[in-house]
Amino acid sequence: MIHNPARRVFLCAAFCATLAGLPVAFAAGFNLPTKRTDLSDADLKRVEAVTRPASDFSKAEPYEAMQAGAATSVDPVTQDSFSHISANIPFEEEQNFKLGNALFKKLWVSAPSSTQASDGLGPLFNARSCMSCHVNDGRGRPPEGGVSATSMFFRLGRAAATPEEGATIANASAVNFPDPTYGHQLQDLAVPGLAAEGKMAIRYAEKTVTLAGGETVSLRAPTYEVKDLAYGPLDPSTTISPRVAPAMIGLGLIEAIPAADILAHADPNDKDGNRISGKAAIVRDHSTGAVTLGRFGWKAQNATVRDQSAAAFSSDIGISTPDRPDAHGDCMQAELKCQKMPTGIQKRLGNEEAPGPVLDLVTFYSANLAVPARRKASFPETLRGKELFYQSGCISCHVPKFVTRRDAAENAQSFQLIWPYSDFLLHDMGEGLADGQQVGHASGREWRTPTLWGIGLTRTVSGHSFFLHDGRARNLTEAILWHGGEAEKARDAFSSLPKDDREALIRFLESL
Ligand code: HEC
Ligand code: HEC
């Protein structure tokens, strides 16, 4: 089945008009905080001062190299640079991090098995462990040249087709609707005796872009298809969204950014007229049922690290947890054989394949992976690149700094000056990057600004330099040149820079 952009435009025409107007009203209707409540007035003033964008590029800002505050790791740069514990986690909690790490690496097996505490895999799945996709806690990549498809998958879903379904999405009870046969995700693996759903197929077409000074860059535009479908065709209204696994660093700190400070950057109706809107993702926190701000995933569809982890256990590995209790994971009623496969539930251990403590430990691990300190932050070329990053308008979305909540759930995450280079908001990135898939309040053209901290260590940690939600960019320059929509002006500013300046901007990114 071919991913057909024409069709999604048609589908969108009916409902996006209604949905487009909703988020503002709903963000307000959902009563999200507009002002921080964790600080005294004096502290609020201090926070405003330290988070103000830089204006002096002759030297590095104070603390700039420690991009995750006291949680920053200053260990030497190696392939394990993303796998260290946040530097300020108390010694007593290191054991939980180690246990969480073991569970993150644990290979789940199919039920029934003699190793009862590890069974329950699938029946349909994409990988047997968290680490298979988040290799070295780094980012995934598209399959190519003999590398397997593991760390990338297709999300499946269709937009609302009736006003009732539209209301379900608007009130964050669902983000979209599953394919009736294949569910919310294409699982390309299955336990013995069961057919996997199908395989991803990717084709690239090269197109040339010319930059100032005549240098040319070739971008590869992907086309996505599903082949070898085992249970019949996909529904014609199902859209495909390709995703690679993001790096796992600094996630607990992101969770500790006050919602009010993220919402302060939102401008859904572009009142300031800079052609950059920035829209909050409004989602449901599945462990509390509350409607709140989405922060994680390429479309900010998950509110917390715990929610994202429970979703991964369920859809990626097929393991149930207290937050996602269906032991059959993403297998649909139409997949009868899958529904009848044995589960890994051991009543003496609980009602789920991975009981509460397992989810708690994996969440703790995932939330406390340290962000490495910057390299060469005060080198003249880096500072020049930083200035150009600011001047090109990149910081309209890649917001440099935040100060985390004083009342964060973990002490180690409390009141830290952090430099994630993201506003955690959704932006229309143009037709070139569009996947046509609505996810909650994110349209088929919108993506959450990704963080940039650690991006310069991608090759060291992950052994490749594929960027963007589907890894189509083969280096940082290509990633910038794919920016469209709200980011078109910034992209053009970059393309018009003299070669030396473009290189300085890239050096700045590499220092993050
Ligand atoms: C099959 C590959 C795969 C497996 C297995 C997997 N992940 Fe992921 N992970 C992804 C992808 C792809 C994303 C981006 C998801 C999206 O945007 O919808 C992601 C996103 C995340 C994020 C959010 C990161 C961010 O910056 O927003 C967290 C946290 C996470 N995964 C934790 C886990 C945990 C914990 C496990 C094991 C229980 C796990 N993942 C297993 C592929 C995987
Ligand atoms: C309108 C908001 C916006 C502006 C302005 C913007 N970006 Fe981005 N940036 C994004 C979004 C959203 C993505 C993710 C797009 C995707 O994956 O499809 C992204 C992705 C990236 C990535 C790849 C990140 C990754 O993890 O793969 C880099 C690098 C990047 N931007 C750099 C820049 C630079 C440099 C500029 C200025 C020239 C800039 N961006 C301007 C929103 C923006």
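Residues numbered from 1 in each chain as written. Chains lettered and ligands numbered in written order. Predicted model: local features only at pLDDT ≥ 70, side-chain atom pairs only at ≥ 80, totals over all residues. Heavy atoms only, no water.

Named according to an unreviewed UniProt entry, the protein is Oxidoreductase domain-containing protein originating from Rhizobium gallicum bv. gallicum R602sp.

Broken down by element type, the protein carries 16 helices and 12 strands. Taken over C-alpha atoms, the radius of gyration comes to 22 Å for the protein, in line with the 24 Å a tight globule of 512 residues would show. Overall, the C-alpha framework of the protein stretches about 65 × 55 × 50 Å when taken along its three principal axes. Residue burial in the protein is summarised as follows: out of 512 residues, 56% are buried. Counting only contacts in the protein whose residues sit at least 6 apart along the sequence, the fraction spanning at least 24 positions is 70%. Summing over all exposed atoms, the protein offers an accessible surface of approximately 20900 Å²; the carbon and sulfur share of this is 56%. Between the centroid of the 52 positive side chains of the protein and the centroid of its 58 negative side chains there is a distance of 2 Å. (Helix = DSSP H or I, 4+ residues; strand = E, 2+ residues; numbered from the N terminus. Rg over C-alpha atoms; globule rule 2.2 N^0.38 Å. Buried < 20%, exposed > 50% of the residue type's maximum accessible area, 1.4 Å probe, protein only. Contact = heavy atoms within 4.5 Å. Areas by Shrake-Rupley, 256 points an atom, 1.4 Å probe, with all protein chains shown as cover. Lys, Arg positive; Asp, Glu negative; His and termini not counted. Charge placed at Lys NZ, Arg CZ, Asp CG, Glu CD.)

A few words now on the pattern of salt bridges. Evaluated as defined, the whole model comprises 28 salt bridges. Asp56 is paired through a salt bridge with Lys59; the nearest N and O atoms lie 3.2 Å apart. Arg474 is paired through a salt bridge with Glu478; the nearest N and O atoms lie 3.1 Å apart. Overlapping salt bridges, with partners in common, bring together Glu61, Glu64, Arg374, Lys386 and Lys401 in one network. (Salt bridge = Lys/Arg side-chain N within 4 Å of Asp/Glu carboxyl O.)

This paragraph deals with the site of ligand 1. Near ligand 1 there are 28 residues, and of these Cys130, Cys133, His134, Arg243 and Gln301 occur at the shortest range. Gly297 places a main-chain nitrogen or oxygen 2.7 Å from an oxygen atom of ligand 1. Between ligand 1 and the protein, one listed contact pairs an oxygen atom with a backbone N or O atom of Trp298 at 2.7 Å. Residue assignment for the shell around ligand 1 shows that the elements contributing at least two residues are α5 (130–133), β2 (152–157), β6 (239–244), α9 (305–317) and α11 (356–367). A per-element tally of the shell around ligand 1 places α9 first, with 6 residues. Of the residues assigned to the shell around ligand 1, the class counts are 16 nonpolar, 9 polar and 3 charged. (Near = heavy atom within 4 Å. Polar contact = N/O pair within 3.5 Å; in protein donor to acceptor, adjacent residues only side chain to side chain. Nonpolar A, V, L, I, M, F, W, Y, C, P; charged D, E, K, R; others polar.)

It is worth spelling out the layout of surface pockets at this point. Taken as a whole, the second largest pocket spans an internal volume of roughly 730 Å³. In terms of lining, the second largest pocket is formed by 31 residues, of which the most central are Glu255, Ala256, Thr304, Arg405 and Ala409. Ranked by residues supplied to the lining of the second largest pocket, first place goes to α11 with 4 residues. Here the lining of the second largest pocket is composed, by residue class, of 13 nonpolar, 7 polar and 11 charged. (1 Å grid on protein atoms, 1.4 Å probe; cavity = no way out; pocket = protein on both sides within 12 Å on 5 of 7 lines; lining within 4 Å. Points joined across faces, edges and corners; volume = space filled by probe spheres on them.)

What follows deals with the pairing of strand β4 (residues 199–210). Summarising the sheet, β4 and strand β5 (residues 216–227) pair through 12 bridges and their orientation is antiparallel. By the bridge assignment, Thr208 is partnered in β5 with Ser218. (Pairing = 2+ DSSP bridges.)

Now for the site of ligand 2. Lining the immediate surroundings of ligand 2 are 26 residues, of which Cys394, Cys397, His398, His469 and His483 lie closest. Arg139 is positioned with one of its side-chain polar atoms (N or O) 3.0 Å from an oxygen atom of ligand 2. In the environment of ligand 2, a nitrogen atom lies 2.8 Å from a nitrogen or oxygen atom belonging to the side chain of His483. Considering only residue class, the shell around ligand 2 consists of 17 nonpolar, 6 polar and 3 charged.

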